[in-house]
Amino acid sequence: MISGSVANELLMYYRSKRKTNREISLYEPIGTDREGNPFNMADIVESPESELWERVLLKKNVGQLYALVPKVLNSREQYIICRRYGLYNTVPRTQREIAQKLGISRSYVSRIEKKALVKLRRAFTQ
């Protein structure tokens, strides 16, 4: 796992290399770890932190989702989706809890939720 200081060191290294505009080898030493051992880009790429790219992609997708919710969904769909999945720092709720709050049946909440998810999926994949 990469510490914050190592990540900063890595970023500074690549910025300086970009200024010199030469190719960078994966096996060229780019810094040292806490014990003073040199490491290279290949060590980072091959690290067990493989979910790093997944987290970056997830963050991008979540941002895109937050942008789509108000554009694609009507107010009732927004309310249900936000409460159902805990968007915008709300507490996730069950369909039954949402139905009681809105004064509608749980099955109607389910239908609205499904319709809203289809709308979001279509907009997300365009």
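What counts as what
- Residues numbered from 1 in each chain as written.
- Predicted model: local features only at pLDDT ≥ 70, side-chain atom pairs only at ≥ 80, totals over all residues.
- Heavy atoms only, no water.
- Helix = DSSP H or I, 4+ residues; strand = E, 2+ residues; numbered from the N terminus.
- Contact = heavy atoms within 4.5 Å.
- Areas by Shrake-Rupley, 256 points an atom, 1.4 Å probe, with all protein chains shown as cover.
- pLDDT = per-residue confidence, 0-100.
- Buried < 20%, exposed > 50% of the residue type's maximum accessible area, 1.4 Å probe, protein only.
- Polar contact = N/O pair within 3.5 Å; in protein donor to acceptor, adjacent residues only side chain to side chain.
- Axes fitted to C-alpha atoms, helices over the stretch in contact; angles between N-to-C directions.
- Parallel < 35°, antiparallel > 145°, perpendicular 65-115°, else oblique.

With that out of the way, let us pick up the overall build of the chain. From N to C terminus, the chain includes six helices and two strands. Counted over contacts in the chain with a minimum sequence separation of 6, partners at least 24 positions apart contribute 35%. Carbon together with sulfur atoms contributes 55% to the accessible area of the chain, which is approximately 9400 Å² in total.

Looking now at the confidence of the model for the chain. For the chain, per-residue confidence averages 81 on the pLDDT scale, and residues scoring 70 or more make up 71% of the total. For the chain, per-element mean pLDDT is lowest for helix α1 (residues 4–20), which scores 63, and highest for helix α5 (residues 95–102), which scores 96.

Glancing now at unusual backbone geometry. Negative phi characterises most residues that are not glycine, and trans characterises most peptide bonds. A positive phi is found at Tyr-88, a non-glycine position, where the angle reads about 55°. As for its placement among the helices and strands, Tyr-88 is situated in the loop between α4 (75–85) and α5. Given the relative accessible area of 40%, Tyr-88 is considered partly exposed.

Where α4 is concerned, the buried positions are Glu-77, Ile-80, Ile-81 and Cys-82. The N-cap of α4, judged by a side-chain oxygen 3.1 Å from the amide nitrogen of Arg-76 a few residues on, is Asn-74. At the exit of α4 stands Gly-86, carrying a positive phi of roughly 70°.

Contact geometry of α4 with helix α6 (residues 106–125) gives a least axis separation of 9 Å together with a crossing angle of 95°. Classified by the angle their axes make, α4 and α6 are roughly perpendicular. Each of Arg-76, Glu-77, Ile-80, Ile-81, Arg-84 and Tyr-85 in α4 lies in contact with α6, whose residues at this interface are Tyr-108, Val-109, Ile-112, Glu-113, Lys-115, Ala-116, Leu-117, Lys-119 and Leu-120.

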